[in-house]
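Below are the chains, spelled out letter by letter.
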Amino acid sequence: MTDFSDLMLDVVKVRRDFPILDRQVHDRPLVYLDNAATSQTPHQVITALDEVYRRYNANIHRGLHTLADEATEAFEKTRDTVRDFINAADRREIIFTRGTTEAINLVANAWGRSELKAGDEVLVSRLEHHSNIVPWQLLANQSGIVVKVIPIDERGVLDMDAYRDLFTSRTRLVAVNHISNACGTVNPVAELTRIAHEHDALIMIDGAQAAPHEPIDVQAIDADFYAFSGHKVYGPTGVGVLYGKAALLEAMPPWQGGGEMIDQVSFETPTTFAAIPHKFEAGTPAIAEVIALGRALEWVSDIGVSLISAWEQRLLSHATEELSRIDGLRILGTAPDKAAVISFVVDGAHAQDIGLLIDQLGVAIRTGHHCAQPLLSAFGVDATCRASFAAYNTPEEIDIFVESLDRVLGMLR
Ligand code: PLP
């Protein structure tokens, strides 16, 4: 039995911050284990959103009135909070996007289209979410770049020898996640970056799953680009972050055109663009969501990412131990360095059926391909069940989940 007693995380207090955790689903207390898809939102973040619309809703940057001033100040404060959260050197390196997906598409379109020529190579790992595969494939279709795949072993761990061997004089970028959403592998991003840089290639790190689980230090990693989403780190949907080294961002052309991203627009002389980060923030952004994202990151930092991570590691061990007792259950992804995500399949029961039936017992898990079809095909399956944990989950919830799974399997097999 996993021991939780020495950890300082007061999970009862943490849970009090999440109003949604009080709700019932199918007349049972909600057990929410779909955190890798979207984590729940603490009342501090809900209040931050509410306050914007009640007190200072206005468009930012251009207004001279009080509300516009207040909204701009709160919006720009989040840039500082994000800078601190990922230890960026400069607030101008933080660009607000709609999420990780948009951040990667921004790099593929702004940097990729201007820097890459036909025959240039991008290395993408087999562990990637589709959002770090398809933008590079689209670029391959348009510009003739070559996408090469970093293989994994049977545990879901990157093959580092194969990675080194993939580099050629044409390799320009490595696109890899920090943590796999489908099987939990934590990638050695600093080492991957060091090797990429040895070959004069850049690295784009998808940190969607790392932001809620792992302290992030983009300078220690030496990341060129790093992305994450608000809604996976206790923040709102529709907002995310792209970090990029200032020199790279300054050299890149804009991606989307519109208001906010210009310096001077003219029909007579060439239109000129704003300085970074605004060059990459065309149009009215998700103002309230950005402000609330700042509150979410403060919430995480107040507890401490390392403490959250330690708590989730105990949940992971407990769940792994309990699930391993179930006959015919196979866990996919057994990396030694693994985040709080468990993907599994069970002989004689389809993932979809398990997901539907276990929901009837109040337990929310995710089933399907988790937007990682190449990874699942490497494991020889087309769908898994996935339970993923957050700071507010408890060992008791894991026991309910495993008992419920047992009941469901009794019905299906
Ligand atoms: N990358 C990873 C590893 C993810 O887990 C996800 C979402 O599940 C994404 C990218 C895409 O994030 P978003 O849909 O917030 O853009």
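Heads up: these notes are all about the structure in this document. Bear in mind that the values here come from a model prediction, so they are computed numbers and not experimental data.

### What to know about the packing of helix α2 (residues 43–56) against helix α10 (residues 287–303)
Direction vectors running N to C along α2 and α10 enclose 150 degrees, while the axes themselves pass 8 Å from each other. By crossing handedness, the relation of α2 to α10 is classed as right-handed. On α10, the residues touching Gln-44, Val-45, Ala-48, Leu-49, Val-52, Tyr-53 and Tyr-56 of α2 are Ala-288, Glu-289, Ile-291, Ala-292, Arg-295, Ala-296 and Trp-299. The residue makeup of the contact of α2 with α10, split by class, is 11 nonpolar, 1 polar and 2 charged.

### Overview of the side chain of Glu-397
Examined against the element boundaries, Glu-397 turns out to sit in helix α14 (residues 395–412). For Glu-397, a relative accessible area of 5% puts it in the buried group. Those residues in contact with Glu-397, other than ones at most four positions away along the chain, are Arg-15, Leu-30, Val-31, Tyr-32 and Tyr-392.

### Quick word on the packing of aromatic side chains
Tallied over the entire structure, the rule returns 9 aromatic pairs. Geometrically, the ring pair formed by Phe-18 and Trp-299 is edge-to-face, given 5.2 Å between the ring centres and 90 degrees between the ring planes. Here Phe-18, found in the loop between α1 (11–16) and β1 (24–25), pairs with Trp-299, found in helix α10; they are 281 residues apart in sequence, far enough to count as distant. On the accessibility criterion, Phe-18 (0% relative accessible area) is buried. The class of Trp-299 is buried, set by a relative accessible area of 4%. A network of ring pairs unites the aromatic residues Phe-18, Tyr-234, Trp-299 and Tyr-392 as a single cluster.

### Considerations on the sheet that holds strand β16 (residues 366–368)
Pairing within the open sheet is antiparallel, and its 4 strands lie in the order β13-β14-β17-β16. On the outer flanks of this sheet lie β13 (329–332) and β16, each paired with one strand and no other. Adjacent strand axes in the sheet meet at a mean angle of 30 degrees, parallel and antiparallel pairs treated alike. Where β16 meets strand β17 (residues 384–388), 3 bridges bridge the pair, whose relative direction is antiparallel. By the bridge assignment, Thr-367 is partnered in β17 with Cys-385.

What counts, and at which threshold
- Residues numbered from 1 in each chain as written.
- Predicted model: local features only at pLDDT ≥ 70, side-chain atom pairs only at ≥ 80, totals over all residues.
- Heavy atoms only, no water.
- Axes fitted to C-alpha atoms, helices over the stretch in contact; angles between N-to-C directions.
- Helix = DSSP H or I, 4+ residues; strand = E, 2+ residues; numbered from the N terminus.
- Left-handed = near helix turned anticlockwise from the far one by under 90°.
- Contact = heavy atoms within 4.5 Å.
- Nonpolar A, V, L, I, M, F, W, Y, C, P; charged D, E, K, R; others polar.
- Buried < 20%, exposed > 50% of the residue type's maximum accessible area, 1.4 Å probe, protein only.
- Phe/Tyr/Trp six-rings, centres within 6.5 Å; stacked < 30°, edge-to-face > 60°.
- Pairing = 2+ DSSP bridges.

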